[in-house]
Amino acid sequence: VKFREFIPSILNVSRQCLASGEEDVAVLAFEIFDELIESPAPLLGESIKSIVQFSLEVCSSQNLEPNTRHQAIQIISWLAKYKSNSLKKYKLANPILQVMCPLLAQSTDGDEDDDLAPDRAAAEVIDTMALNLPKLVFPPVLEFASISCQNTNPKYREASVTALGVISEGCSLLMKDRLEPVLHVVLMALRDAEQVVRGAASFALGQFAEHLQPEITSQYQSVLPCILNALEDASDEVKEKSYYALAAFCDNMGEEILPFLDPLMNKLLSALQSSSRNLQETCMSAIGSVATAAEQAFMPFAERVLELMKAFMVLTRDDDLRSRARATELVGIVAMTVGKAGVEPILAPYIEAAISGFGLDYSELREYTHGFFSNMAEILGDEFVKYLPHVVPLAFSSCNLDDGSAVDIDDSDEENMGAVGGVSSDDEAHDEPRVRNISIRTGVLDEKAAATQALGLFALHTKSAYAPYLEESLRIMIKHSAYFHEDVRLQAVIGLKHILTAAQAVFQSHNTS
């Protein structure tokens with residue numbers, strides 16, 4: 001705690017170094033502050049005010065090196081993440097946002113390192129603050145957006161909608177109550193003359209569709225026509241973000257989608273045949289959402305969509321495997337919409353293509369294929385039994401994959417807390433400990449969750465025919481019900497119920513025979 005007394009001198013020397021062009025010496029101050037923030041003991045106290053003020057001065061100075069400014073923003077980012085209570089206590093949220101929001105309008109020139117771009121780093125700070133201090137973040141950001149959306153400089157108009165998109169997760173509850181002014185800014189930006197502004201607006205709408213449910217969907221009459229319009233944009237980037245927004249938006253719609261179904265599907269089907277791979281994948285995701293929302297009304301489009309998917313489901317180049325995964329998922333969704341009578345006669349080649357995809361060693365394709373087989377089991381019921389010898393071993397092998405996960409939480413605060421005496425009553429003591437070295441192969445995790453779900457659904461829909469696989473499936477479910485990640489645990493617990501259903505069917509069939 002005595003160290004706090006050094007902070008004014010450190011700041012003094014750093015300012016002198018910056019003034020005389022010795023930036024490499026000045027940035028050492030940030031390394032010291034980083035250590036202080038990282039310490040589990042509450043070492044900062046009131047000195048957090050002068051550290052924030054200095055960091056804001058540095059990141060606002062356009063004449064300094066990008067790396068120096070980036071280090072300053074990083075300090076603010078750490079404080080937002082680990083010392084948010086202190087930012088609240090010393091009323092620092094507003095001063096930080098007054099600097100960070102305008103920084104969203106500053107991007108580096110193309111030849112500089114993108115990771116140091118001030119707009120990207122500022123967005124990260126605003127996002128972190130929104131998650132930790134939503135009530136203090138929403139009013140100033142909305143004010144910034146409402147004013148900047150009318151700025152003659154397109155960079156500021158872009159920043160106004162980027163800011164709203166970035167805070168939509170953390171400030172979701174507050175934004176749902178003020179949707180009208182928020183949407184006014186974003187829908188106006190979607191019609192802007194500048195491509196960068198329209199791109200940022202379609203990004204923001206995608207974020208809203210994800211985080212502001214269900215309120216955002218109730219605005220479909222004003223939002224959907226604007227998204228449909230943006231799908232025609234001259235810029236591929238705007239198109240892609242608009243398809244993403246459309247997919248997220250349709251995800252939560254039901255029969256409200258019906259009046260838009262024809263124009264929507266015409267645009268999606270034509271984009272599917274004439275776009276980059278990236279855009280095609282987003283289109284497939286959107287078509288899946290539309291099919292789920294439209295249910296039986298989707299029937300007239302099903303055959304065409306399934307026909308187009310054939311070409312995607314035989315792609316083998318590494319660059320194309322994501323598209324193949326999306327196509328596999330989409331065939332499963334469309335088949336569920338159409339039902340057994342409509343698809344059973346044509347399914348065989350799709351199921352063969354899906355099984356052969358396992359030879360390509362691509363985790364995401366395996367994950368989506370397990371989902372596809374889950375759908376097939378549900379549609380075909382008893383007719384799916386003939387595929388069990390092919391698909392169950394594939395699910396077993398995914399369930400038994402090595403995670404390669406290692407989570408190491410820095411718990412040094414336990415040891416150090418005793419040594420700092422009465423200081424721990426400071427607000428900082430209630431801030432977050434730092435967590436280091438989290439490396440989880442999320443692809444494998446998603447694949448395991450999908451494979452675990454598939455085994456449960458195979459058991460549920462094939463009942464007593466699943467008998468040969470019950471023992472190994474039960475072993476996997478029990479093991480996965482204690483898995484470290486909730487997605488896998490959830491599927492294991494649901495799977496256990498389905499395994500019981502199948503076991504009961506086996507038991508009954510033995511009794512009756």
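Quick caveat, the model's predicted, so the values are computed rather than measured. Residue numbering note: each chain is counted from 1, following its sequence as written. It should be noted that, the model being predicted, local features are given only for residues of pLDDT at least 70 and side-chain atom pairs only at 80 or more, the latter also being counted only at that level, while totals for whole chains, interfaces and linings use all residues. Only hydrogens and water are removed before side-chain values are computed, so all heavy atoms of the structure are retained for them.

So what exactly am I meant to see when it comes to the environment of Leu365 here?
Inspection of the secondary structure puts Leu365 in helix α21 (residues 363-380). Among the residues examined, Leu365 registers a relative accessible area of 1% and is labelled buried. Once the C-alpha coordinates of Leu365 and Ala325 are considered, the two residues, 40 residues apart in sequence, prove to be 4.4 Å apart. We call two residues contacting when some pair of their heavy atoms lies within 4.5 Å. In contact with Leu365, not counting residues within four places along its chain, are Leu321, Arg324, Ala325, Thr328, Gly357 and Leu360. Each helix corresponds to a stretch of at least 4 residues labelled H or I by DSSP, and each strand to a stretch of at least 2 residues labelled E; elements are numbered beginning at the N terminus. Only protein chains enter the accessibility calculation, which uses a 1.4 Å probe. A residue is then buried if its area is under 20% of the maximum for its type, exposed if over 50%, and partly exposed in between.

Just checking my understanding: could you explain the pattern of salt bridges for this structure?
When the charged atoms of two side chains lie near each other, side chains of opposite charge can form a pair. Salt bridges, as used here, are contacts in which a Lys or Arg side-chain nitrogen is within 4 Å of a carboxyl oxygen on Asp or Glu. Scanning the model with the defined rule gives 18 salt bridges in all. Of the charged contacts in the structure, one is a salt bridge between Glu232 and Lys267, with a shortest N-O distance of 3.7 Å. You can see Glu232 sitting in the loop between α13 (220-230) and α14 (236-250) and its partner Lys267 sitting in helix α15 (residues 261-274), a full 35 residues away along the chain. Across the pair Arg475 and Glu472 runs a salt bridge, and its minimum N-O distance is 2.9 Å. Taken together, the residues Arg475 and Glu472, both in helix α25 (residues 470-480) and 3 residues apart, mark about one turn of the helix. Under the relative-accessibility criterion, Arg475 is labelled partly exposed at 40%. Assessed through its relative accessible area of 27%, Glu472 is described here as partly exposed.

Quick question: what am I supposed to make of the nonpolar core here?
Nonpolar side chains tend to gather and get buried jointly when the protein is soluble and globular. In these notes, a set of buried Ala, Val, Leu, Ile, Met, Phe, Trp, Tyr and Cys residues joined through side-chain atoms within 4.5 Å is what counts as a nonpolar core. Membership of the largest hydrophobic core comes to 166 residues, with the highest contact counts inside it found for Phe33, Met100, Phe208, Phe298 and Phe458. Ranked by residues supplied to this core, first place goes to helix α16 (residues 277-294) with 9 residues. The contacts of Phe33, once residues within four sequence positions are left out, are Ile7, Ile10, Leu11, Ile51, Phe54 and Ile75.

Even after reading the chapter, I still don't get unusual backbone geometry, so can you show me in this structure?
Across the chain, the bulk of peptide bonds are trans and the bulk of non-glycine residues have phi less than zero. Gln213 connects to Pro214 through a cis peptide bond whose omega is -5°. The topology assignment puts Pro214 in the loop between α12 (195-211) and α13. Its identity is not glycine, yet Lys91 carries a phi of approximately 55°, on the positive side. One can find Lys91 in the loop between α5 (84-89) and α6 (93-103). Since its relative accessible area comes to 68%, Lys91 is described here as exposed. Even without a glycine there, the phi angle at Glu295 is positive, about 50°. Here Glu295 is to be found in the loop between α16 and α17 (299-312). Glu295 gets classed as exposed once you look at its relative accessible area, which sits at 53%.

Can you walk me through the UniProt feature "repeat: HEAT" (unreviewed entry) in the protein chain in this structure?
Per the UniProt record, the feature "repeat: HEAT" (unreviewed entry) sits at residues 182-220 and 223-258. Along residues 182-220 the backbone is 67% helical and 0% strand, and the end-to-end C-alpha distance reaches 15 Å. Across residues 223-258 one finds 64% helix and 0% strand; the C-alpha atoms that close the span lie 15 Å apart. UniProt positions are given in the numbering used here, feature names are shortened, and annotations may be inferred rather than shown by experiment.

What should I look at first to understand the UniProt feature "domain: Importin subunit beta-1/Transportin-1-like TPR repeats" (unreviewed entry) in the protein chain in this one?
This chain's UniProt record puts "domain: Importin subunit beta-1/Transportin-1-like TPR repeats" (unreviewed entry) on residues 184-317. Annotated as residues 184-317, this span is 71% helix and 0% strand, and its ends, taken at the C-alpha atoms, are 44 Å apart.

I tried to follow the confidence of the model for the protein chain on my own but got confused; where do I start?
Low pLDDT means the predicted atomic positions in that stretch should not be read closely. For the protein chain, per-residue confidence averages 87 on the pLDDT scale, and residues scoring 70 or more make up 90% of the total. pLDDT runs from 0 to 100 and stands for how confident the predictor is about each residue. Scored below 50 in pLDDT, residues 405-426 makes 33 contacts in the model with residues more than four places away or belonging to other chains.

So what exactly am I meant to see when it comes to the domain arrangement of the protein chain here?
A common measure of how large an interface is: the accessible area buried when the components associate. Residue ranges assigned to the domains are those given by an automatic or database domain assignment. Once the domains are mapped, the protein chain shows domain 1 (254-361) and domain 2 (368-403 + 442-512). Computed over C-alpha atoms, the centres of domain 1 and domain 2 are 24 Å apart. Domain 1 puts 20 residues into the contact, and the matching count from domain 2 is 16 residues. Sorting the residues of domain 1 by area buried against domain 2 places Met336, Ile351 and Phe358 first, and these three jointly supply 37% of that buried surface. Inspection of the region where domain 1 meets domain 2 yields 0 salt bridges. Residues were grouped as follows: Ala, Val, Leu, Ile, Met, Phe, Trp, Tyr, Cys and Pro as nonpolar; Asp, Glu, Lys and Arg as charged; and all remaining residues, including Gly, as polar. Within the side of domain 1 that touches domain 2, the residues separate by chemical class into 13 nonpolar, 3 polar and 4 charged. Summed over both partners, buried area is the accessible surface (1.4 Å probe) that two parts give up on being assembled.

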